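# Fold and geometry: a report
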Amino acid sequence: MSTLLEVSGVSVTFDGFRAINNLSIQIGEPELRAVIGPNGAGKTTFMDIVTGKTRPDQGRVLWGEKSVSLLRMSESEIARAGIGRKFQKPTVFEAQTVRENLAMALKNPRGPFDVLFSRGLDDADSRIHGLADEIGLRDHLSRPAGELSHGQKQWLEIGMLLAQDPRLLLVDEPAAGMTPTERQHTTDLLKRAAETRAVVVVEHDMEFVRRLNCKVTVLHEGSVLAEGSLDHVTGDQRVIDVYLGR
Amino acid sequence: MRLLTFLVVCLWLPVVAAAQDLQSILQTHAEEAASPSRRTVGTMLDDLAASGLPGVATFLERYQDRDVVQRAGDGLFFYATKSGDTYTLSDISTGEEVGTAPSSEITEIRPNGGVRREIAGTLVAFQLSDPDIERRQTAVEAIARSPSADQLAPLRTSIETETDPALLARKRQLAGILAASFADSTADRVAAIESLSGEVSVEVRAALNQILSSSTGVATALPDGNIARTFTPGSDLTEAEAYDQLVEEGLALPAPTRADIRNALAANIDGGRVGGVPVARLDNDETRDQAYGALAADGIVPPRIGAAEQSAALSAHVFYEIYDEDDPAITDAARTALSEVETRVGMGQMVDLSLDGLSLASIYFLAAIGLAITFGVMGVINMAHGEFIMLGAYTGYVVQLFVPNYTLSLFIALPLAFAVAFGAGVAMERLVIRWLYHRPLETLLATFGISIALQQLAKNIFGTQARPLTSPGWLDGAWVVNDVIQISYIRIAIFVLALIFLALILFILKRTRLGLEVRAVTQNPGMAASMGINPDRINMLTFGLGSGIAGIAGVAIGLYAQVTSEMGSAYIVQSFMTVVVGGVGNVWGTLAGASLIGGLQKGIEWFNPSNTLAAQTYMILFIILFIQFRPKGIVALKGRAAGD
Amino acid sequence: MTSSTDTAPSSGPKYPGGSGGQRPPAVRRAPRGEPLRRRSFVARNPSILWFLLALSLFTLGVTVLAEATGTGLLSTSFIKTLGKTLCLCLVAVAMDVVWGYCGILSLGHMAFFGLGGYAIGQWLMYARTEQIVMGNLDGQPIPATPQEISDAIGTQIFGVVGASELPAIWAFAHSLPLQLAMVVLVPGLLALIFGWLAFRSRVTGVYLSILTQAMTLALSLYLFQNDSGLRGNNGLSGLQNIPGYENTPQATLSISFFWASAAALAIGYVALAWAVSGKMGSVIRGIRDNEARVRFLGYHVESYKLFVFTLSAIVAAIAGALYYPQAGIINPAEIAPIASIYLAVWVAIGGRGRLYGAVIGAAFVSLLSSWFTGGGAPDIELGFYTVQWTDWWLVLLGLSFVAVTLFAPKGIGGLFDLINHRVMPDREGDYGPDTGSWRTEEGTEEEPPR
């Protein structure tokens, strides 16, 4: 397992409030990692930093074998470099069909002219169908995404993430608002994805994290509080303090 | 002109006979009075001046004007007006008509130029020392209007006796200016000029420029005299200009222009050819020159003076500028003093410009602050904001129709304009904007629809011509600091109004319950609602407040600009710029934006005063570029609160 | 996978800002195992065929009724009005692509339209003046030099602003091909530079609208100056005289321009419809609805916006280049901000997000406007007041615009949905790039952590 993403010594301040404080995390490839922490621990800001949405005040974010700094890249460059992100609330393009949503996410040249002139790539349909099967939306390809149920939207978003064929998936609360069956399905999907790539799951729900059965990083007040197996971290007194309050 | 003024002033004053009257003084000096010479008239003038009689000034005026005659029979002096062969005589002390006399009995006294200057000197001294301060002032201003050498001495004399401090200062200043031009010795003049360098007044600049007056000339060799500078053709002035100057001075032959050549050729067509060149080929300058050369060689036309000849002629002459003042010491001193004065004037202009910018900024602030509240605090775009400004201005106009007292009507108009615009704003919020929250682009378009409807409505009601909104008399005029820095009271009033509203808005937002609720609703409507705040009511009030201030701004703008149905659209873009540049959601940001835009506009206008259109163009370009570097405005909210 | 049927949970997600928790009604569902066969572009966009059919019929009808080619029932000036209207339709289509599809409410598109007009106007005016000047110089005993010709043209054109020299921007005015290139290049470059600056700094929403408005204001103020080199507020005039066709009656010219405008509209419509279809359209609409999300998918959003903005600016310029020879005169007032706002009004009334909506809106409102302001509409006697439509039309337009925004956000185009019983699956009473299209900001936590 080689290091894919290395975040070291990163800090971010919003209006005097330190959202991230000297945070260091390493993600390998392939790896499934869960990031947990109470509200405001900096989980989402961590993702914002990796995906280029927020620029840290200090620290390094290095990517890949060549250790390219992500800090100088734009969001779209980072995405093209192989980092996919799933948002907390499902953000699919509700006005467009499932097929269109997936087609947009498919790994293809992203320039305007490439997109304008490369219509009807032959393998696009088969890839879309493959993905649709995987996320269970085969029957809904022609439906507008806005009509889907909440869980279906979550899956569609995961499908879009997979369609990008990223090396690192950042998944923010994938199981929120799902029924138990849907959760099980989501867990399977993530585990399967993590066989070949790095997957980082941010989650509140301990049960879900337990099912993932992976290494857990606990964030608190913008830095890593504990790291290890779920049992290890839940046994840590500091983690218990943080979760139960002092 | 000056004398006439004196005359009028003097004649209005009652002429009172004194123990020792004018006539007797004159009789003492009868010989000098009857045929004055420059050397001898002095004693008589001194006596007259010393007498302190009220009629002396009048007498001197009329004496100078050759209105005084001597009657041959008794040698008495009278004022006279001639009609035909008879003179109508008036007493010189009282000015009353005393009878007529045939021209044979009358000797007109004709003081020559030298004498009249002497008289004028005494007269000025007399006026300058007059017990009546108004007459002294009149005399001083008369000197200021047309300074001349002979006024210097009496002015200096009068300074010693001057009691009024303001007039004393004025006299000293004027004496300095006169000395710079007219003092006897070079050293005195240089000293006077140097003392002027601390001034900025137009008079001082005019006096210095007068000393530095010069003329340009051209000659084969540099003449003697106080040469200001020489010109090199090609760098200081174009060769064409230089050659034209030579031609003007008769030092060179005029070179035929292209048009001359064409006309000459056209006049000399001979069998389809000119100078041996077929006419059809004359469609370029080269063949035309060739044909013209042929004609010139035959002596038919004057020779074409080519570039080589022209530059030879230029290099054979020297182009120079020569001072009218011969003494280089004086011109040097004047140049130094002028440059110092100009530096001061420049600084003064900077201050003046800043004041101008400040007043423009106040207007933009007033126009934009309402928008900043609705746009910034509520996130609502109100394209009809400009029409609320217009609404306020028309309210002021209508109030003036009913209340003729301008002061009273202004104090009625301000709250009424607020009320009218507030009402319009609340109505618009309830009827339109409420249904479009969270759809900013649609709000923009809907309020634009209201904007064109309101604008056309105003046009239908009030017509297309501009309506006056007259400011009260106490706002007329300007606060004058010196000749460079001045600002009209109305702009000061607008500045004060802007300050009041800045304070008021800060107070409302930071210190009142309403402000607290507004900020709460702005930050989190849901949470605010759950705490018992009615967001609908808050939004309505906020919108009304923003609109009401626009109404007040309308009255303020209407006072110095005209009230038309299109006045709102003139301010709307600037107002948006102000809000955007300043940073949304912040009163201080609006202030900063208004200052930046107002200052910038004045600054650009200063660089290119003739072209306000260009100033606006460049300002907008600047703003577009500014947004590049500070997309969120000057006072930007950072971090997550910015909600990007 | 049992839960993925058409029964939705009743407590579905709230769509922020819009129509509450309403769920869009179900639509025809593609049968399972839909064939992979790709349908042609036109087949996927049947409205294009309908549009082309309607446009052809209209053109045919006008041709039959025109003076030069048919019965002469329609006056030449009315043919010109119709031709101009077609150009306005084209610029409205361009506007719809930028606004309705890409979510950029440009309040400066008429600047590009006007620049196109200025570019072609320069050639028309230069060539026409050159002919007049040559005619005058022919009488001279001596043939004129090129410099004299150029000076004479300069005097003729710029005498009105007290200048006589041709400014540098007229360098290409003598050549039709070069000036035609300018029609595309000048507005295209302006759009490219402006767009690059604006999009690069991520100016969006109303900020961008205000900025585009500032752009067009700056341009019109600049052109109002005499030293802009384009005759200041006089503008360019006499553009209806086409050099080389002096002897052709205006009736013939007008129908020719009408045809040209119709052809341009047809081509522009199809080209833009093609550009906003397929995956390109998908990305563009994605940018409208959630720019950040598209960015995280790896698309360089700024390039796309720039592409769409520039493309539509060029189409607008072409429309302008066809419009002004029919109008005969162009001056800086034509590119004042208000013109661009009207353009947005047309598109909104016609219906955003569908190209035919833009066409309908532009045609309907501009023709109605010329009917009302031209005195075509009868006055209304109210007894105490006579409503003269020349005075009240703008009031009516303004208020009806508010009404459309409030009550019919889909515009006139929405009627087609009713007729077709076709519910736009992607919209539920809400349009645009705002929260209305269910855009939600992601990656932000609702309250600052404590």
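See above for the structure.
Values in this document were obtained by computation on a predicted structure and should not be read as measured data.

Counting its secondary structure elements, chain C contains 15 helices and four strands. Expressed as a percentage of the 450 residues in chain C, the buried residues total 55%. Excluding contacts between residues fewer than 6 apart, the proportion of contacts in chain C whose partners are at least 24 apart in sequence is 74%. In the form shown here, chain C has an accessible surface area of approximately 18,300 Å², with 63% of it arising from carbon and sulfur atoms.

Following both chains from N to C, one finds helix α26 (residues 612-629) of chain B and helix α6 (residues 176-200) of chain C inclined at 35 degrees, their axes separated by 8 Å at the closest point. When α26(B) is examined against α6(C), the residues Ile624(B), Leu625(B) and Gln628(B) are found in contact with a partner set consisting of Phe194(C), Leu197(C), Ala198(C) and Arg200(C). Tallied by class, residues from the contact of α26(B) with α6(C) come to five nonpolar, one polar and one charged.

All names here are of chain C. Two elements in contact, helix α3 (residues 76-101) and helix α11 (residues 301-327), have axes whose closest approach is 9 Å; the angle formed by their N-to-C orientations is 170 degrees. On the basis of the axis angle, α3 is roughly antiparallel to α11. Residue-level inspection shows Lys-80, Gly-83, Lys-84, Cys-87, Leu-88, Leu-90, Val-91, Ala-94, Val-97 and Val-98 of α3 in contact with α11, the latter providing Val-308, Phe-309, Ser-312, Val-315, Ala-316, Ala-319, Leu-322, Tyr-323, Gln-326 and Ala-327. Tallied by class, the residues present in the contact of α3 with α11 amount to 15 nonpolar, three polar and two charged.

All names here are of chain A. With respect to the helices and strands, Ser-69 occurs in strand β5 (residues 68-69). Measuring from C-alpha to C-alpha, the distance between Ser-69 and Pro-30 comes to 20 Å, with 39 residues separating the pair along the chain. Every residue in contact with Ser-69, bar those within four places of it in the chain, is listed here: Val-61 and Leu-62.

Bringing the packing of aromatic side chains into the picture now. Under the criterion given, the structure shown has 24 aromatic pairs over all chains. The interplanar angle of 45 degrees and the centroid separation of 5.8 Å between the aromatic rings of Phe117(A) and Trp274(C) together place this pair among those described as tilted. One end of the pair, Phe117(A), is in helix α4 (residues 112-117); the other, Trp274(C), is in helix α8 (residues 250-275), on a second chain. With a centroid separation of 3.8 Å and an interplanar angle of 15 degrees, the aromatic rings of Phe51(C) and Tyr269(C) are classed as stacked. Residue Phe51(C) is found in helix α2 (residues 46-65), and its partner Tyr269(C) is found in helix α8; the two are separated by 218 residues along the sequence.

Turning our attention to the nonpolar core. In terms of nonpolar packing, the biggest core is built from 273 residues, with Leu156(A), Val199(A), Trp99(C), Leu105(C), Trp170(C) and Leu265(C) touching the most fellow members. Tallying contributions element by element places α3(C) first for this core, with 16 residues. Once you skip the residues sitting within four places of it in the chain, Leu105(C) turns out to touch Leu441(B), Leu444(B), Leu445(B), Met95(C), Trp99(C), Ser209(C), Thr212(C) and Ala344(C). Counting 38 residues, the second-largest nonpolar core is a separate cluster that includes Ile159(B), Ala183(B), Leu196(B) and Leu338(B).

A rise of 1.5 Å per residue sets the reference length of helix α19 (residues 440-462) of chain B, with its 23 residues, at 33 Å; its end C-alpha atoms lie 32 Å apart and thus fit the reference within 8%. The buried fraction of α19(B) amounts to 18 of the 23 residues, a majority that puts the element mostly inside the structure.

Moving on to the pattern of salt bridges. Using the criterion set out here, one finds 41 salt bridges over all chains in the structure. Here Arg238(A) ties to Asp236(A) by a salt bridge, and the two come within 3.7 Å at their closest N and O atoms. Judged by relative accessible area, which is 17%, Asp236(A) ranks as buried. Linking Arg170(B) and Glu203(B) is a salt bridge whose minimum nitrogen-to-oxygen distance equals 2.6 Å. Residue Arg170(B) is found in helix α9 (residues 165-182), and its partner Glu203(B) is found in helix α11 (residues 202-211); the two are separated by 33 residues along the sequence. Look at Glu203(B) and you get partly exposed, because its relative accessible area is 26%. Put simply, Glu75(A), Arg202(C), Glu291(C), Arg295(C), Glu302(C) and Lys305(C) are held in one network by salt bridges that share partners.

Moving on to the environment of Gly268(C). Along the chain, Gly268(C) turns up in helix α8. Taking the C-alpha atoms as reference points, Gly268(C) and Val91(C), separated by 177 residues in sequence, lie 9.3 Å from one another.

The peptide bond linking Glu29(A) to Pro30(A) adopts the cis configuration, its omega dihedral lying at -5 degrees. Residue placement: Pro30(A) occurs in the loop between β2 (17-29) and β3 (31-36). Phi is positive for Asn213(A), close to 55 degrees, though the residue is something other than glycine. The exposure class assigned to Asn213(A) is exposed, which follows from its relative accessible area of 66%. Phi is positive for Arg231(C), which is not a glycine, with a value near 65 degrees. Structurally, Arg231(C) is set in the loop between α7 (205-224) and β1 (236-237). Overall, the relative accessible area of 7% leaves Arg231(C) in the buried class.

Rules used in this analysis
Residues numbered from 1 in each chain as written. Chains lettered and ligands numbered in written order. Predicted model: local features only at pLDDT ≥ 70, side-chain atom pairs only at ≥ 80, totals over all residues. Heavy atoms only, no water. Helix = DSSP H or I, 4+ residues; strand = E, 2+ residues; numbered from the N terminus. Buried < 20%, exposed > 50% of the residue type's maximum accessible area, 1.4 Å probe, protein only. Contact = heavy atoms within 4.5 Å. Areas by Shrake-Rupley, 256 points an atom, 1.4 Å probe, with all protein chains shown as cover. Axes fitted to C-alpha atoms, helices over the stretch in contact; angles between N-to-C directions. Nonpolar A, V, L, I, M, F, W, Y, C, P; charged D, E, K, R; others polar. Parallel < 35°, antiparallel > 145°, perpendicular 65-115°, else oblique. Phe/Tyr/Trp six-rings, centres within 6.5 Å; stacked < 30°, edge-to-face > 60°. Core = buried A, V, L, I, M, F, W, Y, C linked by side-chain atoms within 4.5 Å. Expected span 1.5 Å × (residues − 1). Salt bridge = Lys/Arg side-chain N within 4 Å of Asp/Glu carboxyl O.

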